[in-house]
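# Structural overview
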Amino acid sequence: MSEVNLGDAPFTMTIDGKRVEARPGEMVLAAAKRAGIAIPTLCEHKAVESFGSCRLCMVEVTKAAWKGWKGLMTACLYPAAPDLIIETQSERVLHVRRNVLDLLLARCPDSTLIQRLAAEHGVQQTSFSVREQPDLCILCGLCVRICESAATSAISTVKRGHHREIGTPWGGPPPACIGCLACAHVCPTGHITFEEHGATRAIWGRSFELQRCAECGAPLPITVEQASFLVERQALDASYFSRCESCQRRATAQTFGRLARWQKLGLTQEPDARQEGGKR
Amino acid sequence: MAETAQARFASVEAFLRHAALLKTSPEATQRRVLVCLGTGCMASGAREVAAALERALAALPAERRVALNLCMKKTGCHGFCEKGPLVVLWPEATFYKGVKPKDVPELVERGIVGGEVIERLLYVDPKTGKPVEKYGAIDFYARQTRIAMRNIGLMDPANLDDYLLRDGYQALAKVLAGWSPEQVLKEIEQAKLRGRGGGGFDAGRKWRSCKSAKGTPRYLICNGDEGDPGAFMDRSLMEGDPHGVIEGMAIAAFALETREGTIYVRQEYPLAVEHLERAIADARARGLLGERILGTDFSFDIQIARGGGAFVCGESSALMRSVEGKVGEPRAKYVHATDKGLWDKPTVLNNVETFVNVPRIVEKGAAWYASIGTARSKGTKAFALTGKVKNTGLVEVEMGTSLREIIFGAGGGMLVDGPKGAFKAVQTGGPSGGCLPESLLDLPVDFDSLTDAGSMMGSGGMIVMDHSTCMVDVARYFLSFLTDESCGKCVPCREGLYQMYRILSRIAEGQGTEADLAKIEDLSQAVAVGSLCALGKSGPTPVLSTLRYFRHEYEAHIKEKRCPAGVCKALITYSIDTSACDGCGACLAACASDAITGTPKKGETFQINTLQCDKCGACAAVCKRGAVAIS
Amino acid sequence: MSAQSQPQFPPVDLAATEAILARYAAEPKHLISVLQDLQLHYRYLPREALERVGAALGVPLAKVYGVATFYKAFSLTPRGEKILRVCTGTACHIRGAPLILSELQSRLKIAAGETTPDLRFSLEAVNCVGACALAPVVMENDTAHGNLSVTKVRRLVRSGAAGSRGRGSAELPRPDDSPAKKAEESEES
Ligand SMILES: Cc1cc2nc3c(=O)[nH]c(=O)nc-3n(C[C@H](O)[C@H](O)[C@H](O)COP(=O)(O)O)c2cc1C
Ligand code: SF4
Ligand code: FES
Ligand code: FES
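Here is a short report on the structure shown in this document. Since the structure is predicted, the reported quantities are computational estimates derived from the model, not experimental observations.

## Considering the overall build of chain B
Scanning chain B for helices and strands turns up 27 helices and 19 strands. The C-alpha extent of chain B, read off along each of the three principal axes, is 80 × 65 × 40 Å. Within chain B, the proportion of its 631 residues that are buried is 63%. Pairs at least 24 residues apart make up 71% of the contacts formed inside chain B by residues separated by at least 6 positions. Accessible surface for chain B amounts to roughly 21900 Å². Of this, 52% is attributable to carbon and sulfur atoms. Distance between charge centres in chain B, computed from 77 positive and 74 negative side chains, equals 1 Å.

Given below as structure tokens:
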């Protein structure tokens, strides 16, 4: 999010009675993490911008100048500032956290992640009505955000309010999907699933051919669509994903081997490995 | 009156000359037949009345017309929608209500040409039973102080010259004639104008912080989303005085030194869009908007953004996302919109009514404005008074006026006689507000007192409820509204309000327990502090306020399995009181579930088959003899 | 939406989509305005049109779909020629909107949010239409009807079913078993 202009010098704040160093522009959550203070989160991920939707990271914030007023703020979005006094375990904080987890447990009773977090906060069982036909989606929105920032925005949030869900256009296979699995990997509860058999990968109701190794023909962990996306849209060099890992390793080993031989022969000039690879 | 065809005002002086000239023109002295074409009156057939009037006036012999020096104006909402269609003769201020096309010949012949008063079309004071002739003598209007709504109903909103005749754009001209932006800022600060969109945030302070934020361009937005159900002040302002909104924005833009303004109008208000578009075009054509306004260095223009039908888009950050063409999801406010708003640029967003107050402040001075109202809430506030009161409509009163004065003064008291019709509660602040009981009727209405009482000013909806309204049902109604209208981004609001709704539904169905009340209060706290935006944060207010003041009603549902108001379907049964029934059969035709049996012709009485009855209440609504009993 | 009331999708003429797109600069910020115009023209948002709009404005299709499902003004299935919007705002709620809604539902034999199979009526429950002083209110397309009673509602349905004012209503065949007709009959009995 935005940088708060505080100059560049690090400063200190207090978290749970501890002096903690923070840097201008960072959020309270980052500073706490560095200081080894754990704040639970569900919708935050280093690969995407903070979003503030799960409300689990709420902490109680005050300053001496605020005359006793304390506010509950999401640590993932609240900019660190000098002299903040932060509590991560106050009664109000825990009350919100417990309720959030209780609510999520009613939404996703089968999620082991939610079960564990809830249990850690003393919630063994939800005290609310369990959703009919529950799934594992907690609507943290990480999948949508990662797809937007790292891939093609093939999925989105659909509808609103209590009917909100993560979905694809018209519920069908998303035309823009490149099968990169970013969404599945980032999903904290395992709601987004995929399958891989031989050289095909299936996700979101679509099936993708995997890119094959230019040398041995083995399937690479990347789809054809993904490869062309990376080349065309992210301007990566196609050579990054033309070989499988073992062929790549072998090629590297050979290069180094040759290099060593050359060096032994007292030659200082490096042979052009790329050219050699290209010849084959 | 082809005002659009007239030229741009090349300078402030040229504008002032024209305005002065207008006032001495024949038009200024014309007698006016003001026909309300607000949405309310239109729904009651005002369009047909206006057409009939137009025809009848046109049919008068030419010399008569000239002698009468008459013009007809289609105006915005007079505010007294319930009594529509309304026709007012001006300047004599004769007020005719409930005018039908068939009344028009008499109205023209006797009323307009003959100068008589047509008694049967007059408003009858419910207290005295006597007809009232003059507009200003009617309680509903007499008890109002109109600043924001000063022009509505008295002019044609589509006519720029009409606005000029009512001193329109004088404030803008005054500012452009020599004020500095700083001077305008100071004036608004000193007037202590607080935002009318709900939060009551100090407008001057908002403008100031935007102005001191880094980054350009700055943006100005007018919030015309008016999503609170039961509120329609902004609608009537945008429809009935669009130039007032534009002038207020232009002055704000001058203070903020910004060139771009947007009015975000609710999707359900097509007429507001139409009038605003017309007014913007007219103002542009006359050099009151656009490049080099009135020949000065100040340039400013306005575009209209139509909402998509989402209550949450009234929330400032969601609104800005919507203007950007995205879904209306709020953002955390740790960085203010005045720093990073629309397109991440410093932005000021104010409510329609807030802007409309601006020209008046500039014109009459901050000191004048600050002399009206209470210590911390200055000026007036427009309310949409609806529900079970006699006079429903728009009421603008000085801040600090008591609820009683509004409801029983301007509002004329309760609609229905008898114990069922007695006052029970007034709901203010829409889905973010609460229900206040009789004991608080003397509460002076301003931003802080309502908040302290556990409700909220909100944008100005004021819904009066009598004993046929169930408070559990009202709370449940708001929760069902909010679960639908929440954007669904954050957990406490999306899941929490939904669970609150489930609990309240249980209670309404007679399945509630006392533990449910404790649960709902506990959850309310978490939702109120845990939600991301004010929709979720204030979402529990309707529940908390009804729990605070009407807990006994919840308890009746829980302990006695009884709905005292006779609303909650699961707890009531319908039956026919055979002694009152005259066998007319209206209920039979009304029932969609075929639950009513019996053939009175054969000497049988009507019966309601309780198994078949889905308790829709249609029979009770049609029965003229009140023979359908609810227990 | 129940399967039986799922209306048929008429074929989509994309020329209108192009004409609408031509009114706006090809920027993502105009998405909602374009969708509004599309909705007005087609009475729903056809998939083909949204695909074209996404490509033209540079908005990913999933985002277009997200916006189209977020805002209540938009519908992904064809709406009826007459849209009856029952106000369920607070003022209307306490003055009997639930009754009006249930009356319309049973007369039209569709639930709120649905469209009759003959595409004659859509029924919607909306929040305050801003005519609260006349509660309860039903909007028939852009016309407000206030102070409604069960009887007035029935009249509304009947006048709509006669198809006298509706745009293009003449071309639509009127099945004899249309719910509106049935309602009419049952009333006469
Ligand atoms: C859910 C929600 C809905 C809102 N709806 C409106 C609205 O319809 N109109 C409005 O002016 N303000 C509305 N607001 C308040 C705005 O966020 C904002 O505070 C206001 O428009 C600022 O203008 P003001 O300072 O002039 O009042 C809403 C706020 C929330 C949280
Ligand atoms: S509080 Fe409700 S409306 Fe506001 S961001 Fe959260 S889910 Fe959306
Ligand atoms: S991690 Fe901060 S709100 Fe989810
Ligand atoms: S509540 Fe129905 S029109 Fe406002």
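What follows continues from the structure just given.
## Quick look at the environment of A227(A)
Residues and elements named next belong to chain A. Residue position: A227 is located in helix α6 (residues 224–232). For A227, a relative accessible area of 5% translates into the label buried. Apart from the residues lying within four places of it in its own chain, the contact partners of A227 are Q211, I222 and F241.

## Re the interface of chain C and chain B
Contacts between the two partners involve 41 residues from chain C, matched on the other side by 57 residues from chain B. Of the roughly 3700 Å² buried between chain C and chain B, counting both surfaces, carbon and sulfur atoms make up 58%. Of all residues in chain C, the largest losses of buried area upon contact with chain B belong to F70(C), T90(C) and I94(C), amounting jointly to 17% of the total for that side. At the junction of chain C with chain B, the criterion picks out three salt bridges. For K72(C), the salt bridge goes to E485(B), with nearest N and O atoms at 3.6 Å. In this assembly, chain C and chain B are joined by 21 residue pairs in polar contact (both at pLDDT 80 or more). Elements with a minimum of two residues in the side of chain C that touches chain B: α2 (31–42), α4 (61–70), α5 (90–94), α6 (97–108), β4 (143–145) and α7 (150–161) of chain C. A per-class count over the side of chain C that touches chain B returns 19 nonpolar, 14 polar and eight charged.

## A few points about the interface of chain C and chain A
Listed as interface residues are 13 residues of chain C and, on the opposing side, 16 residues of chain A. For the pair chain C and chain A, the summed buried surface comes to about 1300 Å²; carbon and sulfur atoms form 64% of the total. Our count for the contact surface shared by chain C and chain A stands at one salt bridge. As a salt-bridge pair, E148(A) and K63(C) come within 3.4 Å of each other at their nearest N and O atoms. Summed over the shared surface of chain C and chain A, the result is four residue pairs in polar contact (both at pLDDT 80 or more). Those elements that provide at least two residues to the side of chain C that touches chain A are α3 (47–57) and α4 of chain C. Broken down by element, the residue count for the side of chain C that touches chain A peaks at seven residues, all from α4(C). Grouping the constituent residues of the side of chain C that touches chain A by class yields eight nonpolar, two polar and three charged.

## Quick look at the environment of F11(A)
Residues and elements named next belong to chain A. Of note, F11 is situated in strand β1 (residues 11–15). By relative accessible area, F11 is classed as buried at 9%. Sequence spacing of F11 and A80 is 69 residues, and the spatial spacing of their C-alpha atoms is 9.1 Å.

## Let's talk about the sheet that holds strand β3 (residues 58–62) of chain A
Residue and element names in this part refer to chain A. Taking strand neighbours across the sheet as the criterion, the five strands line up as β2-β1-β5-β3-β4 in an open arrangement whose pairing is mixed. Because the sheet does not close on itself, it has two edges, and the strands there are β2 (18–22) and β4 (71–74). For this sheet, the mean inter-axis angle between neighbouring strands, taken without regard to orientation, is 40°. Against the sheet, helix α2 (residues 91–107) touches β3, β4 and β5 (85–87), its axis set at about 155° to β3.

## Structural notes on the site of ligand 2
Of all residues adjacent to ligand 2, which total 13 residues, the nearest are C487(B), K489(B), C490(B), C493(B) and C533(B). The residue makeup of the shell around ligand 2, split by class, is eight nonpolar, four polar and one charged.

## Thoughts on the packing of helix α12 (residues 233–240) of chain B against helix α16 (residues 352–364) of chain B
Residues and elements named next belong to chain B. Packing of α12 against α16 leaves a shortest axis separation of 9 Å and a crossing angle of 50°. Regarding the angle of α12 to α16, the classification is oblique. Taken together, the residues of α16 that come into contact with α12 (itself represented by D234, L237 and M238) are V352, E353 and V356. In terms of residue class, the contact of α12 with α16 is made up of four nonpolar, no polar and two charged.

## What about the pattern of salt bridges?
When their charged atoms lie close together, side chains carrying opposite charge are able to pair. Considering all chains together, one arrives at 73 salt bridges over all chains under this definition. Salt-bridge contacts for R131(A) lead to D135(A); the nearest nitrogen and oxygen are separated by 2.7 Å. Classification of R131(A) by relative accessible area gives partly exposed; the value is 22%. Take D135(A): its relative accessible area is 28%, and that puts it in the partly exposed class. The partner of K29(C) in a salt bridge is E27(C), with the nearest N and O atoms 3.9 Å apart. According to the relative accessible area criterion, K29(C) is partly exposed, its value standing at 29%. Its relative accessible area of 32% is what places E27(C) among the partly exposed residues. It is possible to trace a salt-bridge network through shared partners that takes in K102(B), D103(B), E106(B), R110(B), E116(B) and R120(B).

## Some points on the packing of aromatic side chains
Tallying each qualifying case throughout the model produces 22 aromatic pairs over all chains. Taking the centre distance of 4.8 Å and the plane angle of 75° together, the rings of Y78(A) and Y334(B) count as edge-to-face. In this pair, Y78(A) is assigned in the loop between β4 and β5 and Y334(B) in the loop between α15 (316–323) and β10 (347–351), connecting two distinct chains. Overall, the relative accessible area of 12% leaves Y78(A) in the buried class. The interplanar angle of 15° and the centroid separation of 4.4 Å between the aromatic rings of Y135(B) and Y141(B) together place this pair among those described as stacked. In this structure, Y135(B) and Y141(B) share a single accessibility class: buried. A network of ring pairs unites the aromatic residues F80(B), W90(B), F95(B), Y123(B), Y135(B), F140(B) and Y141(B) as a single cluster. Across from the ring centre of F70(C), 5.9 Å away, lies the NZ or CZ of R160(A), which sits over that ring. The ring of F383(B) carries the charged tip of K381(B) above its face, separated from the ring centre by 5.8 Å.

How each quantity is defined
- Residues numbered from 1 in each chain as written.
- Chains lettered and ligands numbered in written order.
- Predicted model: local features only at pLDDT ≥ 70, side-chain atom pairs only at ≥ 80, totals over all residues.
- Heavy atoms only, no water.
- Helix = DSSP H or I, 4+ residues; strand = E, 2+ residues; numbered from the N terminus.
- Buried < 20%, exposed > 50% of the residue type's maximum accessible area, 1.4 Å probe, protein only.
- Contact = heavy atoms within 4.5 Å.
- Areas by Shrake-Rupley, 256 points an atom, 1.4 Å probe, with all protein chains shown as cover.
- Lys, Arg positive; Asp, Glu negative; His and termini not counted.
- Charge placed at Lys NZ, Arg CZ, Asp CG, Glu CD.
- Buried area = accessible area lost by both parts, 1.4 Å probe.
- Salt bridge = Lys/Arg side-chain N within 4 Å of Asp/Glu carboxyl O.
- Polar contact = N/O pair within 3.5 Å; in protein donor to acceptor, adjacent residues only side chain to side chain.
- Nonpolar A, V, L, I, M, F, W, Y, C, P; charged D, E, K, R; others polar.
- Pairing = 2+ DSSP bridges.
- Axes fitted to C-alpha atoms, helices over the stretch in contact; angles between N-to-C directions.
- Near = heavy atom within 4 Å.
- Parallel < 35°, antiparallel > 145°, perpendicular 65-115°, else oblique.
- Phe/Tyr/Trp six-rings, centres within 6.5 Å; stacked < 30°, edge-to-face > 60°.
- Lys NZ or Arg CZ within 6 Å of the ring centre and 35° of its normal.

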